Amino acid sequence: MTATATELSLSDVDIASHEVWVAGVPHEQLALLRHKAPVFWHRGTEVDMPDHFWVLTRHADVQAANRDWETYSSAMPGSLLNDPPAEVSSDFRTIIDTDPPTHSRLRKLVNRGFMPRVIASYEEHLREVTREIFDRALPKGQFDFVVDVAAELPLVAITELLGIPYEDRHKVFEWANRLVGGTDPEYDRGQEARVGAAFELYQYAQDLAAERREKPKDDIVTKLITVVDGDDDKLGDHEFDLFILTLAVAGSETTRNAMSHGLLALMNNPEQMRRLREGGPAVMDTAVEEILRWSTPVSNFRRTATREVQLHGVTIPQGDAVVLSYASANYDETVFADPYRFDVTRSPNPHISFGGGGPHFCLGSHLARLEIRLMFEALIERTQSIELNGDVQRLRSSFINGIKHLPVRVS
């Protein structure tokens, strides 16, 4: 893959259009912005977007803004470029749409279920689950890697963490697709359906919470809705609903897309697949980080300037929307040597797919890394070869860098 900005002008740039991303990450446009306009004034080109917003594309600037929540707020009006309708916006304000101290309180509570030792306790079970997923898929010889494999492990992990019955995991899959895939024709059933998906999920969350109050278990749900170790704080009813919403989307959509992009990159770069097969645990560790960089499952997040900002000679007025482009920062040539080369041995690899530090650093980073590692360990153990077997279908979204379908043939 290469990206050159020489054939484009700034007037050609439109990275907000969902249609642009169907063809893949618009690397040429992002490279142009990094080189010529690292603080770029962009017109809103989709429904429910601000009239205009600023785009930060350089790694250093995106990372600094991630960490400076006092200047770049997630709470006003939220962290997504496409906002829900005003009449229901409060129903969708998750932990990612808050700033400290509210965010600090919520994160402290939610973190109970995502400590490294907690995640590590699931490893052997999730390894066995991964083997079972391949047991079902591999005998077919040909299958959709996204639907049959990549989507399954994150869903099972969520059900394990929350104590959701295994047979209900595909409800989470459907709700997540309806919520995040509303810009894609395959999943778009209209705004009413997206709102309906959220409230179906909320009702499920409340039923789950009621069950745990009656019959507590040693799981994250019980920890979040009850007093733990003398700490008299707990999540309120709607706070719990929003946590389930966040986990359903962030815990399934992002990891399955990282896996899918990772496999596609390996199939397109057979020498890297060979390195992974022959390299052992050390190469697997660096490969996981490269998959996260390469895929950048969340393309961007929105912030709002709480004060006037001067950056690279440009003035960002107070109150303006600022988009942090992770898809650009993870390919910044000043940070990553030959960034358009997929390299499973790349080190160091300071990607910011989990947010690059600051209060919003991804709570699920340990779980995501574990799932990706288990998936590709099983892949190289259980297959001799795997190749593309049809057209790759990408999600129509400028927010989630998604693959909907990835047909493969294995031996």
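Residues numbered from 1 in each chain as written. Predicted model: local features only at pLDDT ≥ 70, side-chain atom pairs only at ≥ 80, totals over all residues. Heavy atoms only, no water.

Caption draft 1: View of the pattern of salt bridges. As enumerated under the stated definition, the model contains 25 salt bridges in all. With a closest N to O distance of 2.6 Å, arginine 127 and glutamate 124 form a salt bridge. Taken together, the residues span about one helical turn, with arginine 127 and glutamate 124 both in helix H6 (residues 123-137) at a distance of 3 residues. On the accessibility criterion, arginine 127 (18% relative accessible area) is buried. Between arginine 409 and glutamate 387 there is a salt bridge, with its nearest N and O atoms 2.7 Å apart. Note that arginine 409 is positioned in strand S12 (residues 407-410) and glutamate 387 in strand S9 (residues 386-388), a separation of 22 residues in sequence. Arginine 409 gets classed as partly exposed once you look at its relative accessible area, which sits at 33%. (Salt bridge = Lys/Arg side-chain N within 4 Å of Asp/Glu carboxyl O. Helix = DSSP H or I, 4+ residues; strand = E, 2+ residues; numbered from the N terminus. Buried < 20%, exposed > 50% of the residue type's maximum accessible area, 1.4 Å probe, protein only.)

Caption draft 2: Seen up close, the sheet that holds strand S1 (residues 39-43). Here 5 strands make up an open sheet; going across it, the order is S1-S2-S8-S5-S3 and the pairing mixed. Across the chains shown, the open sheet's two edge strands, defined by having one partner strand only, are S1 and strand S3 (72-73). Here strand S5 (residues 300-305) pairs with strand S8 (residues 321-325) via 5 bridges, running antiparallel. Bridge pairing in S8 places threonine 304 opposite alanine 321. Of the strands in this sheet, strand S2 (52-56), S3, S5 and S8 are in contact with helix H3 (residues 59-67), which crosses S8 at around 120 degrees. (Pairing = 2+ DSSP bridges. Contact = heavy atoms within 4.5 Å. Axes fitted to C-alpha atoms, helices over the stretch in contact; angles between N-to-C directions.)

Caption draft 3: Structural detail: helix H4 (residues 102-110). Among the residues making up H4, those that are buried are His103, Leu106, Leu109 and Val110. Seen from one end, H4 has its buried residues packed into an arc of 130 degrees, which puts them on one side. Its buried side turned inward, H4 meets helix H11 (220-225) and helix H12 (237-250). (Arc of directions from axis to C-beta.)

Caption draft 4: Broad picture of unusual backbone geometry. For the bond running from proline 100 to proline 101, omega is 5 degrees, close enough to zero to count as cis. Note on placement: proline 101 falls in the loop between S3 and H4. Each neighbour pair has its own omega, and for serine 347 with proline 348 the value is 0 degrees, a cis peptide bond. Take proline 348: it is sitting in the loop between helix H15 (326-329) and helix H16 (365-382). Backbone geometry places threonine 296, a non-glycine residue, at a positive phi of 35 degrees. As for its position among the elements, threonine 296 is in the loop between helix H14 (270-295) and S5. The backbone phi angle of aspartate 338 is positive, close to 50 degrees, even though this residue is not glycine. Structurally, aspartate 338 is set in the loop between H15 and H16. Take aspartate 338: its relative accessible area is 45%, and that puts it in the partly exposed class.

Caption draft 5: Highlighting H12. For H12, with 14 residues, the first-to-last C-alpha span of 20 Å sits near the 20 Å given by 1.5 Å per residue. In terms of burial, H12 is largely enclosed, as 10 of its 14 residues are buried. Taken as a whole, H12 has its buried residues at Phe240, Asp241, Leu242, Phe243, Ile244, Leu245, Thr246, Leu247, Ala248 and Val249. (Expected span 1.5 Å × (residues − 1).)

Caption draft 6: Spotlight on the sheet that holds S12. If you walk across this open sheet you meet the 3 strands as S4-S12-S9, and the pairing is antiparallel. Here the strands that pair on one side only, and so sit at the sheet edges, are strand S4 (142-144) and S9. The mean inter-strand angle of the sheet, taken between neighbouring strand axes irrespective of direction, is 30 degrees. The sheet contact formed by S4 and S12 spans 3 bridges and is antiparallel. Paired with glutamine 142 across the two strands is arginine 409, which belongs to S12.

Caption draft 7: Inspection of the environment of tryptophan 54 at higher detail. With respect to the helices and strands, the residue tryptophan 54 is situated in strand S2. Each C-alpha atom of the pair tryptophan 54 and asparagine 300 lies 12 Å from the other, and the pair is 246 residues apart in sequence. Apart from residues no more than four positions distant in its own chain, tryptophan 54 is found in contact with Val39, Phe40, Trp41, Val314, Thr315, Ile316, Pro317, Asp320, Ala321, Val322 and Val323. For tryptophan 54, the side chain forms a polar contact with the side chain of aspartate 320, separated by 2.8 Å. (Polar contact = N/O pair within 3.5 Å; in protein donor to acceptor, adjacent residues only side chain to side chain.)

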